[in-house]
Amino acid sequence: MQVLEETKKPDQILAPIKIEVKNVNFGYGETEILKDINLQVREGEFIVLMGPSGSGKSTFLRLLTNLEKPTSGEILIDHLKLTKEIPDLAVVFQDYSLFPWLTAEENIVLALKKKWKGKKSKKELFELAEQYLALVQLGHAAKKYPGEMSGGMRQRAAIARALSMGADLLVMDEPFGALDPITRIQLQELVLQINQTQKKTVIFVTHDAEEAIMLADRIVMFSPGPPGKILECIDVPFEKPRKRDELFESTEFTEFRDYLLNVMNKGIFEKLSQSEVVKDGGGI
Ligand SMILES: Nc1ncnc2c1ncn2[C@@H]1O[C@H](COP(=O)(O)OP(=O)(O)OP(=O)(O)O)[C@@H](O)[C@H]1O
């Protein structure tokens, strides 16, 4: 296993900025949910968001995908302010993001129809859908409905659907949280392969430190909310491609995982001590 001397690989230093989040604040009504969020992501980077429950990771993804608007600050994608006219991203959630009444291929054809807006025939759309299903090794299940597929198969189909939209930004909210360990590892490999071979930028939420270290170029750690803030952006110091067994057995891995968990726990303890201060103050 090789530990990187430099914190960033040369191609990532040179890659253009894909996402720029500037001084973003967000709240629901009076409640602040995200505070002072600043982040730059380069093309092709694999970013993992971690942090305790309620720290605003999903909310941050909702802002990135334009489902919510910042209360203040701005988000630029490809240097353009995020508006409804920038649909060039694809989202995969834990709940598979598929329409249950459509087969795997019909789900993808639906996404393709939206993308190609009548410029491709039905036959061409089905051929394209077949290619995307083959890419995620699901060609054999094209005619299956989501209810007839395993969780791993449904998640593969959801990834194929996201890719078929042509997006170069893949946003994934705990996509493998409900899968068994072996399927989870297989899908981690698939997403790494997509990130590397197709140069997709990936923003991925997980609670699992091992998954984060296996996948990420950089881990963005959120503090407990509300409001959630970015505690630290941490470069993962292991060269890709990472060999899972070798990596997990190394001392460097254990030390890095402990460091990550310490950063998260420190945030939690600080939050707890603040609420103790409030409680004590309230008693005076
Ligand atoms: N629609 C909503 N209205 C009001 N508050 C909300 C809404 N959605 C989320 N919140 C609050 O925003 C905060 C952040 O929630 P969010 O789901 O973004 O956190 P998270 O870090 O993704 O959590 P988890 O890891 O459990 O998924 C929480 O306090 C949550 O209760």
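See the structure shown above.
Residues numbered from 1 in each chain as written. Predicted model: local features only at pLDDT ≥ 70, side-chain atom pairs only at ≥ 80, totals over all residues. Heavy atoms only, no water.

Caption draft 1: Main features of the overall build of the protein. Scanning the protein from terminus to terminus reveals nine helices and 10 strands. With 284 residues in all, the protein has 48% of them scored as buried. When contacts within the protein are restricted to residue pairs at least 6 apart in sequence, those whose partners lie at least 24 apart make up 71%. Summed over all atoms, the accessible surface of the protein reaches about 14300 Å², with 54% contributed by carbon and sulfur. (Helix = DSSP H or I, 4+ residues; strand = E, 2+ residues; numbered from the N terminus. Buried < 20%, exposed > 50% of the residue type's maximum accessible area, 1.4 Å probe, protein only. Contact = heavy atoms within 4.5 Å. Areas by Shrake-Rupley, 256 points an atom, 1.4 Å probe, with all protein chains shown as cover.)

Caption draft 2: Quick look at the site of the ligand. The environment of the ligand is formed by Y28, I33, P52, S53, G54, S55, G56, K57, S58, T59, E174 and H207. The backbone of G56 places a nitrogen or oxygen atom 3.0 Å from an oxygen atom of the ligand. The contact in question runs from an oxygen atom of the ligand to an N or O atom on the side chain of K57, over 2.8 Å. Out of a free accessible area of 640 Å², the ligand has 59% covered by protein chains. Here the shell around the ligand gets three residues from one element, more than from any other, and that element is helix α2 (residues 57-64). (Near = heavy atom within 4 Å. Polar contact = N/O pair within 3.5 Å; in protein donor to acceptor, adjacent residues only side chain to side chain.)

Caption draft 3: Representation of the nonpolar core. V48, I159, M172, I213, I219 and L260 are the most contacted members of the largest nonpolar core, which has 56 residues in total. With near-sequence residues (within four places) excluded, M172 lies in contact with L61, V92, I159, V191, V202, I203, F204 and V205. Counting residues in hydrophobic clusters, the runner-up holds 24 residues, among them V21, I33, L63 and I75. (Core = buried A, V, L, I, M, F, W, Y, C linked by side-chain atoms within 4.5 Å.)

Caption draft 4: Focus on the sheet that holds strand β1 (residues 17-28). The antiparallel open sheet is built from four strands, whose spatial order is β2-β1-β4-β5. Edge positions in the open sheet fall to β2 (31-42) and β5 (80-81), since each of these has one partner strand only. (Pairing = 2+ DSSP bridges.)

Caption draft 5: Region of interest: the environment of F60. With respect to the element layout, F60 can be found in helix α2. The buried category is assigned to F60, whose relative accessible area is 1%. When the C-alpha positions of F60 and P70 are compared, they lie 9.4 Å apart, and in sequence the two are 10 residues distant.

Caption draft 6: Broad picture of the environment of K120. Mapping K120 onto the fold places it in the loop between α3 (104-116) and α4 (122-135). Apart from the residues within four sequence positions on either side, K120 is in contact with L125 and L128.

Caption draft 7: Highlighting helix α6 (residues 181-197). Under the 1.5 Å per step criterion, the end-to-end length of α6 is 24 Å for 17 residues, consistent within 8% with the ideal 24 Å. Three or more residues of α6 are buried, namely T183, R184, L187, Q188, L190, V191, L192, I194 and N195. Capping the start of α6 is the job of one residue whose side-chain oxygen sits 3.1 Å from the backbone nitrogen of I182: D180. Positive backbone phi, at 55 degrees, marks K199, one or two positions downstream of α6. (Expected span 1.5 Å × (residues − 1).)

Caption draft 8: Looking closely at the packing of α3 against α4. Their axes nearest at 9 Å, the elements α3 and α4 cross at an angle of 120 degrees. By the angle between their directions, the pair α3 and α4 is classed as oblique. Where α3 crosses over α4, the two elements pack in a sense that is right-handed. Along its contact with α3, which presents A104, E105, E106, I108, V109, L112, K113 and W116, the element α4 presents L125, F126, L128, A129, Y132 and L133. Grouping the amino acids of the contact of α3 with α4 by side-chain chemistry returns 11 nonpolar, no polar and three charged. (Axes fitted to C-alpha atoms, helices over the stretch in contact; angles between N-to-C directions. Parallel < 35°, antiparallel > 145°, perpendicular 65-115°, else oblique. Left-handed = near helix turned anticlockwise from the far one by under 90°. Nonpolar A, V, L, I, M, F, W, Y, C, P; charged D, E, K, R; others polar.)

Caption draft 9: Highlighting the pairing of strand β4 (residues 72-77). The pairing of β1 with β4 spans five bridges and is classified as antiparallel. Its bridge partner being in β4, I19 is matched across the sheet by I77. Relative to β5, β4 runs antiparallel, the two sharing two bridges. The residue of β5 that forms the bridge with I77 is L80. Counting the residues between successive antiparallel strands, the hairpin from β4 to β5 contains two residues, one of them, D78, with a positive phi of roughly 50 degrees.

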